[in-house]
Amino acid sequence: MIRLICYLMGGKYMKAANFSYYEAKNIQDAIKIKANDEEAVILAGGQSLLPALNMRLSSPSCLIDISKISGLNDIIIDGDYLFIGALATHSDVMRNEIVSQKMPCLIDILKMVAHPAIRNKGTHGGSIAYGDPAAELPALAVATNAEIILSGQNGDRSINANDFYLGLFETAINQDEIVVGIKYPLLKQGQVFLFDEVCRRHGDYAMAGLIANIILSSNKVNDLKLVFFATGDKPDVADKTAKLFLQTGYDYDQLKNSLSSEIDFAGDLNSSSEMKLHLATILIKKIINKLEA
Amino acid sequence: MAANNTLSISFTVNGEKFNNVNVPSRQHLADFLRSQGFTGTHLGCEQGACGACTIEMDGKAVRSCLVLASQANGSDLKTVEGFDDKMMEQVKQSFLKHNAFQCGFCSPGMLMTTKEILLSKKKLTRDEIRSEISGNYCRCTGYQSIVDAIEECINEVN
Amino acid sequence: MDDIKVNQNPKLGSIDRPNSYIGRSLPRENAKKHLDGGGQFVDDLTLPRMVHVAFLRSPFAHAEIKSIDTKTAKLSDGVIDIFTAKEIDEVCKPWVGVLGHLGEMRSPEQSPLAKKIARWQGEPIAVVIANSRAQAEDALELIEVDWLEKDAQVDMETALDPNAVIIHPELGNNLFWTRTVNQGDVDKAFKEADAVVETTLDFARHTGVTLESRGIVADWNKAENKMTIYHNGQAPHMMQHIIAKHLDLNEGLVRIISRDVGGSFGIKVHVYPDEMAVTAISKKLGRPVKFIADRLESFTTDIHARCHKISGKLGVDKNGKILAMEIDDLSGIGPFSMYPRTSAIETNQVLNLSGAPYVIPNYKAVGTVVFQNKTPMCQYRAVGHPIAVAITEALIDKAAYKIGMDLDKIRKINFIPDNSYPNKSPSGVPLEDLSHQASMDKLLEIMDIEKFETKKKDDYQKGILSGYGVISMCEVTNPSPLFYGVGGAHISSQDGASIRLEGSGAIHLSSSITEQGQGTEAIMKQIAADQLGVKLESVRVTLGDTDATPYGGGTWASRGAGIGGEAVLKAARKLKDNILNIAAAIMQTDKESLDIEDNNVVRKNGGEGISLQKLAETVYYRGHEIPKGTNPELLATASFLIEGIPFVFTNSAMGCQVSIDQDTGIIKINKFWAVEDCGTQINPKLVEEQIRGGVIQGIGGALFEECVYDDQGNMQNATMADYLVPMAYEMPDIIVDHVTTNSGRSIIGAKGAGEAGTGGAPAVIMNAINNALKQVGAEVISQPITPEKVLKALGKI
């Protein structure tokens, strides 16, 4: 589901403009078309793309439908990683045994992503590639230092999620590339991923959300990575604040000051930047409470 | 290259076969189904937020405004007009009994969501039912009667 | 489910007799079609040669249209024509949204398409007619408009300032209407009061968000000179009159068909410029024209509601007796007063309804309504109620806190006593058959507020702020001609019903009330079958067709059961009388010895009767067998209107319990209670569902819904992802109970029940939240009460 950053000025539409539709037979086929047409757009689950098309916020020349390419929805253990194929839907992931054993946090997160019918169609890769700064999965990828696998004309490459998100809906995907999968490092001894967010309504984009990558040793937080979403123009990593927390524990005022210097909070319709800063600080407390529980 | 502004697709709706039908590539599935006379599928927002157009595609609930008709090539579709099995008849009776709809505009999507809940065989609490249907907007009922109906169905099905 | 509630009304006979359907929660068998996908909504209709339209709408809140160039757009695929105001004005005359009975209202002429100036973002300025909606939208992108953007008057609070942007220069300023009510001497009373409390509340604009958007198919048949309109409206006969008047057609040859309507809530009772343009286009082209508003259009062109800032003052003596109340309300209605009901009524209701449950000897109310460059505002479910009830009940809570009195007690000692009716509201409006005392007693009984006092203290220890509230209110229902008609509007306050026995023995009923989902068809059936003595399933109902139903007002202001239902009752009784006369003649007995039960005329003392089918066959096919001089009419028609008073009021008491997360500002409504006195409940389950749906709409206004505008008058959240309607997860279960005081204005005794939930919920929720926040000295005064506003009140941000 799309979140409209701002209401469009001018014309108002609800039926998509004309485009051509191409059902890709395999990934190379899709890459070839995309490489040669700058205005072509990849269609996977379409749950963010279709609203944009219907409202003519996006008018591509061609949709390259990759949804019927086989072999892109595997969920497997690949060495030290959990690999999730780009076309695995959110529902596939939520129902997957490997995920529930190896990365239970992902299931909790996906429960908060939109609603069942959207999750039946929306894909893991689509969410990662779209890079909505208010969405959970990009922040998860950054928090867990996941590797994003891209296929292009020159073969596959892997890029760390920390280098993948460049700005508002801007990623390191090249014109000829398609996201084919995400590799999440498997949890190490003492490691835990925790997640929380504050929404006005269940399934909405959050006013602020946090994913924490925590390393515990003898029941103490030994290392911590904090990644916020719905706070700025991309997943916001708060390393300075995490370090401060490790030193001083939870102190609202101190952490708030630190977050405010570290993240450029951008307000939206449901919460001002001030509100987001407050909630971000509170989310650290909520995560710690969860950890203690 | 097979890219085109209209496509020829084949699929089934409620078991009825549609062979080599031409569809504009830009048309979403809800508009297409409605153009074929399946007007039970309603459009409330065309951006995936209201849930009124939710139908069954290859066994799963989807928003038909967020799927292109062309993507339905080879699919088995089921719309409210085809919800006639024993379980769904029971669901309808329960909706009727609890007045779990007023104007009826949200009902096709609400029934589809209920169907998926029941097929999952999960024994949900009222709060969990509310969570499952929280993507389906109803302006009339205030939801309580819908939760009542679904709760009753869950008890009967399990 | 055959849930017998109470034998509520002795005028209707015993509930234990055969075919007694009034007062029973029977399922709406007629509505099962919706569960089979068989509803007939406007957008489901396709007619031969039908074309589609898309409107070019102003992207600016206020701008001059220097020129519109449609040349390129007209060449776009599938385009049939493109019209601007010039072409539409040839067929459709402009209108003015004023009434004559409420003092001077000033609103300019409005036409379907804006001419030189666009005055709100979303106002239509041109229309593309094409073979499909998508093709029409393609052409919209090719229309070139030379705009000169003007300063916009967005803020209602500065609309009357000397340097305000004057939206209609010919009016001199932005004032639409103002009214003052002055009863007694408030100034003197405030001086005598032991405690005086004051507050100022803000209510954001919100809108109806009917799941089915507005839609119309206009079909001009040149050969017959007949205009047929398929429309998802609430008042078919009103539309028939208006379309005939403005398109200069023979009113008798305009037919409005309103089949299933996907929710309306007052949104669909107004005359919209785009819909009028569609009728004009059909007249010009001589072909069916369809327009279905898309969701973006719904948000920027459906009427908005609320948008009030109200300050109030209440004076009480040391015992809590109210001595005086004063309110001052400001409302912004967009650039035009809506036609034909005007945009003054919400403010008028605020003035009439504030303080209405209570004895308030001195009352002063001032209402000011101004123009602004936003979407037009008009009557939406519970018109004015949320504002009136919230200001009254907020002040009463404040007074209670100030003098240290319980929240229920201060209300109880100030209620207009149940045994004192007929009486008058503080504003001077006649009130009758109300039960604030009994309803509050019932509420307290089912709610148990003692429990919440304890819970509040326990929660506070745990760091949770919890609170509760109770309120009372009056609800405007069943309007008389004194509402609109007296002011010159051609809106029928009368409704009609026609009922016939057919040759097969079946009963056919038609009514001028329409079905919007609330269950009109079901209750009409129940009344007819009950009063005639036939099985429910033998009654067939026709609604929503001006060619096939009696003339009448339609569905708005909760008038279906009380006015339309009474008409059905009267018609059914007349038909029964006719049937028994005929039967008596055939059976050679006197009428008084006969009755109708289960579709048979029976002898009260036993012995052989005659089935209605046999009787009908005799009358229709073998009329020669009936004794000469017997009236053979098996058709009866009746009408009903409320006389002598402006409205039949309903009353309601509500309570809720909330808790607030001090870290996030998120409010949880744990439970909600409502006691409604709507007189006779024809179908108690349907009444309860009206209350529940209404409460949830009220919660929407109180906590979530707001049309957000920027400083230039651009609506910022015109999508369903950004405008927050209430969804299932956040909503509470609502416990509904009843007190029954029948209306003395009719036999059926029913009052309306559709407004209270929406009218009362915002007040009780705000009071409960403030009850919780008071523990830490905080308060919220602006709706919707967002998490951010709560955190601000708590000093957290």
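Residues numbered from 1 in each chain as written. Chains lettered and ligands numbered in written order. Predicted model: local features only at pLDDT ≥ 70, side-chain atom pairs only at ≥ 80, totals over all residues.

### Remarks on the overall build of chain B
Looking only at helices and strands, chain B has five helices and five strands in total. Listing the helices and strands of chain B from first to last along the sequence gives β-β-α-β-β-β-α-α-α-α. Here chain B has a C-alpha radius of gyration of 16 Å; the compact-globule value for 158 residues is 15 Å, and the two agree. Counting only C-alpha atoms, chain B reaches 50 × 30 × 25 Å along its principal axes. (Helix = DSSP H or I, 4+ residues; strand = E, 2+ residues; numbered from the N terminus. Rg over C-alpha atoms; globule rule 2.2 N^0.38 Å.)

### Observations regarding the overall build of chain C
A tally of regular secondary structure across chain C gives 18 helices and 29 strands. Rg of the C-alpha trace for chain C: 28 Å, near the compact-globule value of 28 Å for 797 residues, within the 12% margin. In chain C, which comprises 797 residues, the proportion classed as buried is 63%. A sequence separation of at least 24 residues applies to 79% of the contacts in chain C between residues at least 6 apart. (Buried ≥ 20, exposed ≤ 12 C-beta atoms within 10 Å, placed from the backbone. Contact = placed C-beta atoms within 7 Å.)

### Observations concerning the interface of chain B and chain A
With 31 residues of chain B at the contact, the number on the chain A side is 29 residues. Going through the elements one at a time, strand E4 (60–63), helix H3 (107–119) and helix H4 (126–132) of chain B are the ones with two or more residues in the side of chain B that touches chain A. In terms of residue count, E4(B) provides more of the side of chain B that touches chain A than any other element does, four residues in total. Residue classes in the side of chain B that touches chain A are distributed as eleven nonpolar, 14 polar and six charged. (Nonpolar A, V, L, I, M, F, W, Y, C, P; charged D, E, K, R; others polar.)

### Details of the sheet that holds strand E28 (residues 734–738) of chain C
All names here are of chain C. As summarised here, the arrangement of the four strands in space is E18-E26-E27-E28, forming an open sheet in which the pairing is mixed. The open sheet has two edge strands, strand E18 (465–477) and E28, and neither has a second partner. Pairwise comparison of adjacent strand axes, ignoring direction, gives a mean angle of 15° for this sheet. In this structure, strand E27 (residues 667–677) lies alongside E28, joined through five bridges in parallel fashion. Residue pairing in the sheet places Ala674 in a bridge with Val736 of E28. Along the sheet, helix H12 (residues 449–461) contacts E18 and strand E26 (648–660); its crossing angle with E18, the most-contacted strand, is approximately 145°. (Pairing = 2+ DSSP bridges. Axes fitted to C-alpha atoms, helices over the stretch in contact; angles between N-to-C directions.)

### A few points about the packing of helix H5 (residues 236–247) of chain C against helix H6 (residues 273–285) of chain C
Residue and element names in this part refer to chain C. Contact pair H5 / H6: the axes reach a minimum separation of 11 Å and the direction vectors enclose 55°. As summarised for this structure, H5 and H6 are arranged oblique, according to the angle between their axes. Read as a crossing pair, H5 and H6 show a hand that is right-handed. Along the contact surface, H5 presents Ile243, His246 and Leu247, while H6 presents Met276, Thr279, Ala280 and Lys283. For the contact of H5 with H6, the class distribution of residues is four nonpolar, two polar and one charged. (Parallel < 35°, antiparallel > 145°, perpendicular 65-115°, else oblique. Left-handed = near helix turned anticlockwise from the far one by under 90°.)

### Topic: helix H11 (residues 436–447) of chain C
Residues and elements named next belong to chain C. Compared with the 16 Å implied by 1.5 Å per residue over twelve residues, the 16 Å span of H11 between its first and last C-alpha is a close match. Buried within H11 we find His436, Gln437, Ser439, Met440, Leu443 and Met447. Seen from one end, H11 has its buried residues packed into an arc of 165°, which puts them on one side. As for H11, its buried residues are in contact with helix H10 (407–412), H12, E18, E26 and E27. (Expected span 1.5 Å × (residues − 1). Arc of directions from axis to C-beta.)

### Regarding the domain arrangement of chain C
All names here are of chain C. Under the domain assignment, chain C is made up of domain 1 (43–150 + 210–301), domain 2 (304–482 + 644–793) and domain 3 (494–640). One C-alpha centre belongs to domain 1, the other to domain 3, and the line joining them spans 40 Å. The interface is formed by 17 residues belonging to domain 1 together with 15 residues belonging to domain 3. For the side of domain 1 that touches domain 3, the secondary-structure elements that each account for two or more residues are H5 and strand E11 (254–257). (Domains from an automatic or database assignment.)

### Concerning helix H2 (residues 86–97) of chain B
Each full turn of the α-helix corresponds to 3.6 residues, which orients residues three or four apart in the same direction. Residue and element names in this part refer to chain B. Counted at 1.5 Å a residue, the expected span for H2 with its twelve residues is 16 Å, and the 17 Å between its end C-alpha atoms agrees. Structurally, H2 contributes buried residues whose contacts are with H3 and helix H5 (144–157). Following H2 by one or two positions, Asn99 adopts a phi angle in the positive range, close to 50°.

### Side note on the nonpolar core
Residue and element names in this part refer to chain C. Ranked by internal contacts, the top residues of the largest apolar core, which has 409 residues, are Val53, Val127, Val128, Ala528, Ile765 and Ile769. At twelve residues, helix H14 (residues 560–587) tops the list of elements feeding residues into this core. Other than its neighbours up to four places away in sequence, Val128 contacts Val53, Ala54, Ala73, Val79, Ile82, Ala136, Ala139 and Leu140. (Core = buried A, V, L, I, M, F, W, Y, C linked by C-beta atoms within 7 Å.)

### Points about the sheet that holds strand E6 (residues 147–152) of chain A
All names here are of chain A. The five strands lie next to each other as E4-E5-E10-E6-E7, forming an open sheet whose pairing is antiparallel. Two strands bound the open sheet, and with one partner strand each, they are strand E4 (75–78) and strand E7 (155–160). Adjacent strand axes in the sheet meet at a mean angle of 25°, parallel and antiparallel pairs treated alike. Here helix H1 (residues 27–36) sits on the sheet and contacts E6 and strand E10 (178–185); the angle it forms with E10, its principal contact strand, is near 120°.

### Section: the domain arrangement of chain B
The accessible area lost on association of the parts is a frequent measure of interface size. Residue and element names in this part refer to chain B. For chain B, the assigned domains read domain 1 (6–81) and domain 2 (83–157). A straight line from the C-alpha centre of domain 1 to that of domain 2 covers 22 Å. Counting from both sides, the interface comprises 13 residues of domain 1 and, opposite them, twelve residues of domain 2.

### Comments concerning the packing of helix H10 (residues 239–248) of chain A against helix H11 (residues 252–262) of chain A
Residue and element names in this part refer to chain A. The interhelical angle for the contact between H10 and H11, taken along N-to-C directions, is 160°, at an axis separation of 9 Å. By the angle class used here, H10 and H11 are roughly antiparallel. As H10 packs across H11, the resulting crossing turns out to be right-handed. Between H10, through Lys240, Thr241, Leu244, Phe245 and Thr248, and H11, the contact on the second element is made entirely by Gln254, Leu255, Ser258, Leu259 and Glu262. The residue inventory of the contact of H10 with H11, partitioned by class, reads four nonpolar, four polar and two charged.

### Here's the deal with the environment of Val154(C)
Residues and elements named next belong to chain C. Tracing the backbone shows Val154 in the loop between strand E6 (144–149) and strand E7 (175–183). Owing to 20 C-beta atoms within 10 Å, Val154 belongs among the buried residues under this scheme. Val154 sits 115 residues away from Val269 along the chain, and the two C-alpha atoms are 26 Å apart. Apart from residues no more than four positions distant in its own chain, Val154 is found in contact with Ala61, Gln372, Asn373, Lys374, Tyr709, Asp711 and Gly713.

### Some remarks on the pairing of E4(B)
Residue and element names in this part refer to chain B. Relative to E4, strand E3 (residues 54–57) runs antiparallel, the two being bridged by four bridges. Across the sheet, residue Thr54 finds its bridge partner in E4, namely Arg63. Counted between consecutive antiparallel strands, the loop separating E3 from E4 contains two residues, among which Asp58 sits at a positive phi close to 50°.

### Quick notes on the interface of chain B and chain C
Taken together, the 40 residues of chain B in the interface contact 43 residues of chain C. Secondary structure elements with two or more residues in the side of chain B that touches chain C: H2, H3, H4 and H5 of chain B. Considering only residue class, the side of chain B that touches chain C consists of 18 nonpolar, 15 polar and seven charged.

### Concerning the pairing of strand E2 (residues 63–69) of chain C
Sheet topology note: the E2(C)/strand E4 (residues 117–118) of chain C ladder contains two bridges and is antiparallel. In the strand pairing of E4(C), Ala63(C) is matched with Ala118(C).

### Points about the environment of Gly167(A)
Residue and element names in this part refer to chain A. Within the fold, Gly167 resides in strand E8 (residues 165–167). Put simply, Gly167 and Lys234 are 67 residues apart on the chain and 5.7 Å apart in space, counted from C-alpha to C-alpha. Beyond its immediate chain neighbours, meaning those up to four positions away, Gly167 contacts Asp233 and Lys234.

### Digging into unusual backbone geometry
That bond from Tyr339(C) to Pro340(C) is cis: its omega, -5°, falls within 30 degrees of zero. Following the sequence through the fold, Pro340(C) ends up in the loop between strand E14 (322–332) and helix H8 (345–353). Of note, the bond from Tyr421(C) into Pro422(C) is cis; its omega dihedral lies within 30 degrees of zero at 0°. Residues other than glycine seldom take positive phi values, yet Ser218(A) does so here, at roughly 40°. Looking at the secondary structure, you find Ser218(A) in the loop between strand E12 (208–217) and strand E13 (220–229).

### Here's the deal with the environment of Met654(C)
Residues and elements named next belong to chain C. With respect to the helices and strands, the residue Met654 is situated in strand E26. Sequence separation between Met654 and Phe415 is 239 residues; the distance between their C-alpha atoms is 15 Å. Setting aside chain neighbours within four positions, we find Met654 in contact with Ile471, Trp673, Ala674, Gly760, Ala761 and Val764.

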